Amino acid sequence: MLKGKKIVLGITGGIAAYKSAELTREFVKRGADVKVIMTGNATEFIAPLTLQTLSGNPVYMDMFLPADKSEISHISLADEADILIIAPATANIIGKIASGLADDLLSTTVMATNAPVLICPAMNTNMYTNDIVKQNISKLASKNYFFIEPGHGELACGTEGPGRLPPLEDIVEEVESILTKSDLAGEKILITAGPTQEPFDPVRYITNYSSGKMGYALATMARRRGAEVTLISGPTSLPEPFGVKFLQVSSTIEMRNAVMNNMEDSTIIIKAAAVADFRPAAISDDKIKKGDGSLSVRLERNPDIISEVGKMKGDRILVGFAVETENLIENARGKMTEKNMDIIVANDVTQDGAGFRTDTNIVKILDRKGGVEEVPLLDKIEVAERILDRIKAMKDKGLKQKSEG
Ligand code: CTP
């Protein structure tokens, strides 16, 4: 979603400046146009040529340029930016912005821009926890400057504590959020994702092929759009999405309990998890030995979580998924009615590019009024966006009807 966005990346003089090279690459990889401004001190830590090569643009350092380059001034950089990011941001640049100082190209551009500014502090722990720095950060935060908290850990100067530049994926995700319209602000969305695992002895379990990618994409996109997100996830190999409340579960019963304990104040519930319908009737304390013959494991029914939620959902919007290999629409509609869902996302997993383990999906979004939206082969994050658009439209319609009635 950063495709075509104009990013101005300010780099100041801290040891984490070398990480800005990788950050520049990340933005460029996502299709953004990155222009880098470096302070004099930043050039002591990393060569401008590195940033110039990675960004594909000249690196800007001087306030006063020769006449023939006059179109690239602090004013034009400030004007053209969709977002201005300072990473790493030293105590010095934070202090200068908080005091309204504009004595070099970066601080002048910050003063001159109307674009959102994201500041990523990275410095020695004692500096970061210094009262004056804290006051400067609070002051700027109250003036709508965005901050991302530094990570904890061992710092280059040998101290331990807050001050590390946060993981680059988190910075990128924060930029995505800032540049996405917060049209789901105020919504509390509970999402389940991934498979569940049902053990039958200490080393073996029954599960399915779900990767969790669709549910994680929904959590990421909902958070970008301003919702407060709780993600209840079965075991997956995916990183925890940034900025969401994350609850790890394993079995269907654990997932059911987590859903029941967290649904109370939710306004929207999305059940993207591929829940195991059955679990072994008994779990052996010891590893089951293979012996001579065959082995039978008796299975018993798991609770149907979404059916239970459907019975007590009130005016929450309930969204389920249907994974099918035949009669897609008919089966999905049946599940939607039977389980009292408002929307069902029908997934024919026999299609190339659709289903469990891929990064893409092809779905049909059905609603109770007979509506069908066909979503073609798209990246799961884009499919998530379409599903959320549909939910948003349903919410808006509900609110309109309420106000008219
Ligand atoms: N689901 C659930 N609890 C279960 C089984 C399914 O909450 N024990 C939810 C899934 O998260 C999904 C929806 O129900 O949102 C439909 O899941 P699916 O596996 O397609 O349907 P089932 O009802 O299990 O039917 P079947 O397996 O027979 O197709």
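Anyway, here's the lowdown on the structure attached to this text. (Residues numbered from 1 in each chain as written. Predicted model: local features only at pLDDT ≥ 70, side-chain atom pairs only at ≥ 80, totals over all residues. Heavy atoms only, no water.)

**Comments concerning the overall build of the chain**
Here is step 1 of the chain: Helices and strands together make up the secondary structure of the chain, namely 14 helices and 20 strands.
Here is step 2 of the chain: Projected onto the principal axes, the alpha-carbon positions of the chain cover approximately 80 × 60 × 40 Å.
Here is step 3 of the chain: Taken over 405 residues, the chain has a buried fraction of 49%.
Here is step 4 of the chain: Of the contacts made within the chain by residues no fewer than 6 positions apart, 66% connect residues no fewer than 24 positions apart.
Here is step 5 of the chain: Summed over all atoms, the accessible surface of the chain reaches about 19800 Å², with 49% contributed by carbon and sulfur.
Here is step 6 of the chain: Measuring between centres, the 48 positive side-chain charges of the chain sit 4 Å from its 55 negative side-chain charges. (Helix = DSSP H or I, 4+ residues; strand = E, 2+ residues; numbered from the N terminus. Buried < 20%, exposed > 50% of the residue type's maximum accessible area, 1.4 Å probe, protein only. Contact = heavy atoms within 4.5 Å. Areas by Shrake-Rupley, 256 points an atom, 1.4 Å probe, with all protein chains shown as cover. Lys, Arg positive; Asp, Glu negative; His and termini not counted. Charge placed at Lys NZ, Arg CZ, Asp CG, Glu CD.)

**Digging into the sheet that holds strand β17 (residues 317-324)**
Here is step 1 of the chain: Sheet architecture is open: eight strands sit in the order β13-β12-β9-β14-β17-β18-β19-β20, paired in mixed fashion. Every interior strand has two partners, whereas the edge strands, β13 (245-248) and β20 (372-379), have only one. Averaged over all neighbouring strand pairs, the angle between strand axes comes to 15°, with direction disregarded.
Here is step 2 of the chain: Where strand β9 (residues 188-193) lies against strand β14 (residues 268-271), four bridges are found, and the strand directions are parallel. Across the sheet, residue T192 finds its bridge partner in β14, namely K271.
Here is step 3 of the chain: The strands touched by helix α14 (residues 380-404) are β14, β17, β18 (343-348), β19 (360-367) and β20; relative to β20, the strand with the most contacts, the crossing angle is about 155°. (Pairing = 2+ DSSP bridges. Axes fitted to C-alpha atoms, helices over the stretch in contact; angles between N-to-C directions.)

**Regarding the nonpolar core**
Here is step 1 of the chain: In this structure, L218, I270, I387 and I391 are the most contacted members of the largest nonpolar core, which totals 34 residues.
Here is step 2 of the chain: With seven residues, the top contributor of residues to this core is helix α10 (residues 213-224).
Here is step 3 of the chain: Each residue touching I387, except ones within four places of it in the same chain, is listed here: M214, L218, F321, V345 and I365.
Here is step 4 of the chain: Residues L9, A32, L118 and L165 belong to the second largest nonpolar core, which totals 30 residues. (Core = buried A, V, L, I, M, F, W, Y, C linked by side-chain atoms within 4.5 Å.)

**Things to note about the sheet that holds strand β5 (residues 117-121)**
Here is step 1 of the chain: The strand order across the open sheet built from six strands is β3-β2-β1-β4-β5-β6, with neighbouring strands paired in parallel fashion. Edge positions in the sheet fall to β3 (59-60) and β6 (146-147), since each of these pairs with one other strand and no more.
Here is step 2 of the chain: In this sheet, strand β4 (residues 83-89) lies alongside strand β1 (residues 6-11) in parallel orientation, the contact comprising four bridges. Bridge pairing in β4 places V8 opposite L84.

**Structural notes on the pattern of salt bridges**
Here is step 1 of the chain: On inspection of all chains with the given rule, the structure shows 27 salt bridges.
Here is step 2 of the chain: D33 is the partner of K6 in a salt bridge, and the nearest nitrogen-oxygen pair spans 3.4 Å. Placement of K6 in strand β1 and of D33 in strand β2 (residues 33-38) is noted, with a sequence separation of 27 residues between them.
Here is step 3 of the chain: As a salt-bridge pair, D389 and R225 come within 2.9 Å of each other at their nearest N and O atoms. Of this pair, D389 sits in helix α14 while R225 sits in the loop between α10 and β12 (228-233); the two residues are 164 residues apart in sequence, bridging distant segments of the chain.
Here is step 4 of the chain: Taking relative accessible area as the criterion, R225 reaches 3% and is therefore assigned buried. (Salt bridge = Lys/Arg side-chain N within 4 Å of Asp/Glu carboxyl O.)

**Considering the site of the ligand**
Here is step 1 of the chain: The ligand sits among 14 residues. The nearest are K271, A273, I306, K335 and K339.
Here is step 2 of the chain: In the model, an oxygen atom of the ligand is placed 3.1 Å from a nitrogen or oxygen of the D277 side chain.
Here is step 3 of the chain: Going through the elements one at a time, α12 (305-311) and β17 are the ones with two or more residues in the shell around the ligand.
Here is step 4 of the chain: Residue contributions to the shell around the ligand peak at four residues, all from β17.
Here is step 5 of the chain: Residues belonging to the shell around the ligand are distributed by class as follows: eight nonpolar, one polar and five charged. (Near = heavy atom within 4 Å. Polar contact = N/O pair within 3.5 Å; in protein donor to acceptor, adjacent residues only side chain to side chain. Nonpolar A, V, L, I, M, F, W, Y, C, P; charged D, E, K, R; others polar.)

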